[in-house]
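Here is what each chain is made of, one letter per residue.
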Amino acid sequence: MSDSTLVARDVRMVFGGVVALDGASVEVRPGQVTGLIGRNGSGKSTLFNCLTGFLKPTSGAIELDGRDITGHAPHEVMRSGIARTFQTPRIDFQTTAREAVLCGLYPRVRHGFLASLLGLPHALRAEQAIQERADEVVERMKMTRWATSRIDKLSMGRVRTVEVARAIGADARYILLDEPAAGIGRDELRVLADEIRALADRGIGVLLVEHNFSLIRMLCDTVTVLDTGSVIFRGTPEQARSDARVMQLYLGAAAAEAA
Ligand SMILES: Nc1ncnc2c1ncn2[C@@H]1O[C@H](COP(=O)(O)OP(=O)(O)OP(=O)(O)O)[C@@H](O)[C@H]1O
Ligand SMILES: [Mg+2]
């Protein structure tokens, strides 16, 4: 495995008696979209949680650009350039969409608390840069029309768009998206798909959990298939599509037909 990657290596994760991951490995490369697919309960979100410090693997390692980051806390992982979304959005529903994007940007501010209290010029410049960055992301994600709406008034598709916008705004080198398209409408899906591809084209490494195989085919360079906590396939979406086991057993007959 090359140096510039985010890697989960032989990760095992046991919850009481449940083996959620059983020696699973995945590699996320800069400039590529890696799909992570598998049946419900196959361990996809658990692997996300291990990669981002929300869970410490029972055994195995998480490596960022050749450096061992196993067991680092989520905020440390985020600071080292890895952003994520959650399968169930974790957003303050009382804020507006733009405020949510803005909040996602603050962990990156380095001017310090005291400076911001005193309103020192460099703190003001940082604040202005953050406001501009939020507007840029809002525009890029086509959120402008509803950016001042409260999140609890938005459709699930828009809430997911806000989550992805936050991850994009964080300027991360790796972005992990856990089912970002679930419950999202056609138009939002198109914007989202374009943005995911654009992230990779800008050199960001994307890990994408997604059940819709058409989207996987459209976006992914490689795909890793999990089943009961183990990797059963790794290859291109086209190779996955012609793999009878992947198609029939792990995506279901309906998905196989749609693909
Ligand atoms: N905190 C936990 N405590 C106990 N068991 C858990 C925990 N988190 C996950 N599991 C179990 O681990 C297994 C893998 O779950 P995980 O959520 O990673 O699957 P998934 O592939 O993301 O599924 P889905 O497609 O439904 O989102 C499941 O059997 C699940 O019940
Ligand atoms: Mg999941």
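Caption draft 1: View of the coordination of the magnesium ion (ligand 2). Note on the magnesium ion (ligand 2): its protein donors are S45 (OG) and Q87 (OE1). The metal-donor distances range over 2.1 Å. With S45 in helix 1 (residues 44-51) and Q87 in the loop between strand 6 (82-84) and helix 3 (97-105), the pair connects residues that are 42 residues apart, well separated along the chain. The exposure class assigned to S45 is partly exposed, which follows from its relative accessible area of 22%. The exposure class of Q87 is partly exposed, given its relative accessible area of 33%.

Caption draft 2: Just the site of ligand 1, in detail. Taken together, 13 residues surround ligand 1, and among them G41, K44, S45, T46 and Q87 come closest. N40 places a polar side-chain atom, nitrogen or oxygen, 3.0 Å from an oxygen atom of ligand 1. In this structure, an oxygen atom belonging to ligand 1 sits 2.8 Å away from a main-chain N or O atom of G41. When the free accessible area of ligand 1 is taken as 640 Å², the share hidden by the protein chains comes to 61%. It is helix 1 that contributes the most residues to the shell around ligand 1, three residues altogether. Within the shell around ligand 1, the residues separate by chemical class into two nonpolar, eight polar and three charged.

Caption draft 3: Region of the structure containing the sheet that holds strand 7 (residues 174-178). Read across the open sheet, the six strands follow the order 6-7-8-3-9-10; overall the sheet is mixed. The sheet terminates laterally at strand 6 and strand 10 (230-235), the two strands that pair on one side only. When the angles between neighbouring strand axes are averaged without regard to direction, this sheet yields 20 degrees. Pairing of strand 7 with strand 8 (residues 205-209) involves five bridges; the strand directions are parallel. Its bridge partner being in strand 8, L177 is matched across the sheet by L208. Sitting on the sheet, helix 1 is in contact with strand 3 (33-37), strand 6, strand 7, strand 8 and strand 9 (222-227), with an inclination near 150 degrees to strand 7. The sheet contacts of helix 7 (residues 186-201) involve strand 3, strand 7 and strand 8, and relative to strand 8 the element is tilted by about 150 degrees.

Caption draft 4: A look at the packing of helix 6 (residues 156-169) against helix 7. Direction vectors running N to C along helix 6 and helix 7 enclose 15 degrees, while the axes themselves pass 11 Å from each other. Taken together, helix 6 and helix 7 sit at an angle that is classed as roughly parallel. The handedness of the crossing between helix 6 and helix 7 is left-handed. Facing helix 6, whose interface residues are G157, R158, T161, V164 and I168, helix 7 presents E188, L192, E195 and L199. A per-class count over the contact of helix 6 with helix 7 returns four nonpolar, two polar and three charged.

Caption draft 5: Looking closely at the packing of aromatic side chains. This structure, assessed with the given rule, holds one aromatic pair. Geometrically, the ring pair formed by F54 and F86 is edge-to-face, given 5.3 Å between the ring centres and 90 degrees between the ring planes. Here the residue F54 occupies a position in the loop between helix 1 and strand 4 (59-64), and F86 occupies one in the loop between strand 6 and helix 3, the gap between them amounting to 32 residues. A cation over a ring is seen here: R84 above F54, with NZ or CZ 4.9 Å from the ring centre.

Caption draft 6: The pattern of salt bridges, seen in detail. All chains considered together, the criterion is met by 17 salt bridges. Between R197 and D201 there is a salt bridge, and its shortest N-O distance comes to 3.6 Å. Highlighted residues: R197 and D201, both in helix 7, separated by four residues, approximately one helical turn. On the basis of relative accessibility, which here comes to 22%, the residue R197 falls in the partly exposed class. Residue R197 pairs with D221 through a salt bridge whose shortest N-O separation is 3.3 Å. Residue R197 is found in helix 7, and its partner D221 is found in the loop between helix 8 (213-219) and strand 9; the two are separated by 24 residues along the sequence. Residue class for D221 comes out partly exposed when judged on its relative accessible area of 28%. Taken together, the shared-partner salt bridges connect R133, E136, R140 and D171 into one network.

Cut-offs applied
- Residues numbered from 1 in each chain as written.
- Chains lettered and ligands numbered in written order.
- Predicted model: local features only at pLDDT ≥ 70, side-chain atom pairs only at ≥ 80, totals over all residues.
- Heavy atoms only, no water.
- Donors = N, O, S within 2.8 Å, 3.2 Å for Na, K, Ca; no water.
- Helix = DSSP H or I, 4+ residues; strand = E, 2+ residues; numbered from the N terminus.
- Buried < 20%, exposed > 50% of the residue type's maximum accessible area, 1.4 Å probe, protein only.
- Near = heavy atom within 4 Å.
- Polar contact = N/O pair within 3.5 Å; in protein donor to acceptor, adjacent residues only side chain to side chain.
- Areas by Shrake-Rupley, 256 points an atom, 1.4 Å probe, with all protein chains shown as cover.
- Nonpolar A, V, L, I, M, F, W, Y, C, P; charged D, E, K, R; others polar.
- Pairing = 2+ DSSP bridges.
- Axes fitted to C-alpha atoms, helices over the stretch in contact; angles between N-to-C directions.
- Contact = heavy atoms within 4.5 Å.
- Parallel < 35°, antiparallel > 145°, perpendicular 65-115°, else oblique.
- Left-handed = near helix turned anticlockwise from the far one by under 90°.
- Phe/Tyr/Trp six-rings, centres within 6.5 Å; stacked < 30°, edge-to-face > 60°.
- Lys NZ or Arg CZ within 6 Å of the ring centre and 35° of its normal.
- Salt bridge = Lys/Arg side-chain N within 4 Å of Asp/Glu carboxyl O.

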